[in-house]
Amino acid sequence: MDAQDLRSKTPDQLKDQLVSLKKEAFNLRFQQATGQLENTARMRSVRRDVARVQTILNQKAAEAAASK
């Protein structure tokens, strides 16, 4: 997931993506706890994607507040 791709999305699309990433992170944590997780690197990438989406959402909110 690239930050440029995320910046082109609307805040609603970003929020939807954030929800799906958080669900995936939950499922990965559950798989790890039960010993079924095969790709452990996916947890790290999902966490970083969540942080990336949240950062861009905050930037868009700050831009909207500054333009008012």
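Predicted model, so just to flag it, every value in this text is computed and none were measured.

A word on the overall build of the protein chain. Summing up its helical and strand segments, the protein chain has 3 helices and 0 strands in all. Listed by position from the N terminus, the elements making up the protein chain come as α-α-α. Its C-alpha radius of gyration of 14 Å places the protein chain more than 25% over the 11 Å reference for a compact globule of 68 residues. Seen along its three principal axes, the alpha-carbon backbone of the protein chain occupies a region of about 50 × 15 × 15 Å. A buried classification covers 22% of the 68 residues belonging to the protein chain. Residue pairs in contact within the protein chain that sit at least 24 positions apart in sequence constitute 64% of those at least 6 positions apart. On the protein chain, roughly 5,100 Å² of surface is accessible, and the fraction owed to carbon and sulfur atoms is 49%. Averaging the locations of the 13 positively and 8 negatively charged side chains of the protein chain gives two centres separated by 6 Å.

One can find D2 in the segment before α1 (3–7). Sequence separation between D2 and R52 is 50 residues, and the spatial gap between their C-alpha atoms is 8.8 Å.

Position of Q17 among the secondary structure elements: in helix α2 (residues 11–34). A distance of 2.9 Å separates the side chain of Q17 from the side chain of K9, its partner in a polar contact. Setting aside its immediate chain neighbours within four residues, Q17 contacts M1, L6 and K9.

Our focus in this paragraph is the nonpolar core. Grouped together as the largest cluster of nonpolar side chains are 13 residues, with contacts concentrated most on L14, V46 and V53. Listing elements by their share of this core, those giving two or more residues are α2 and α3 (41–67). Take this core: its biggest share by element is 6 residues, from α3. When near neighbours in sequence (up to four residues on either side) are disregarded, V46 contacts L21, E24, A25 and L28.

What follows deals with the environment of L37. When you line up the elements, L37 lands in the loop between α2 and α3. Separated by 29 residues in the primary sequence, L37 and S8 have C-alpha atoms spaced 33 Å apart. Once residues lying within four places of it in the same chain are set aside, the contact partners of L37 are L28, Q31, Q32 and M43.

Cut-offs used in this document
Residues numbered from 1 in each chain as written. Predicted model: local features only at pLDDT ≥ 70, side-chain atom pairs only at ≥ 80, totals over all residues. Heavy atoms only, no water. Helix = DSSP H or I, 4+ residues; strand = E, 2+ residues; numbered from the N terminus. Rg over C-alpha atoms; globule rule 2.2 N^0.38 Å. Buried < 20%, exposed > 50% of the residue type's maximum accessible area, 1.4 Å probe, protein only. Contact = heavy atoms within 4.5 Å. Areas by Shrake-Rupley, 256 points an atom, 1.4 Å probe, with all protein chains shown as cover. Lys, Arg positive; Asp, Glu negative; His and termini not counted. Charge placed at Lys NZ, Arg CZ, Asp CG, Glu CD. Polar contact = N/O pair within 3.5 Å; in protein donor to acceptor, adjacent residues only side chain to side chain. Core = buried A, V, L, I, M, F, W, Y, C linked by side-chain atoms within 4.5 Å.

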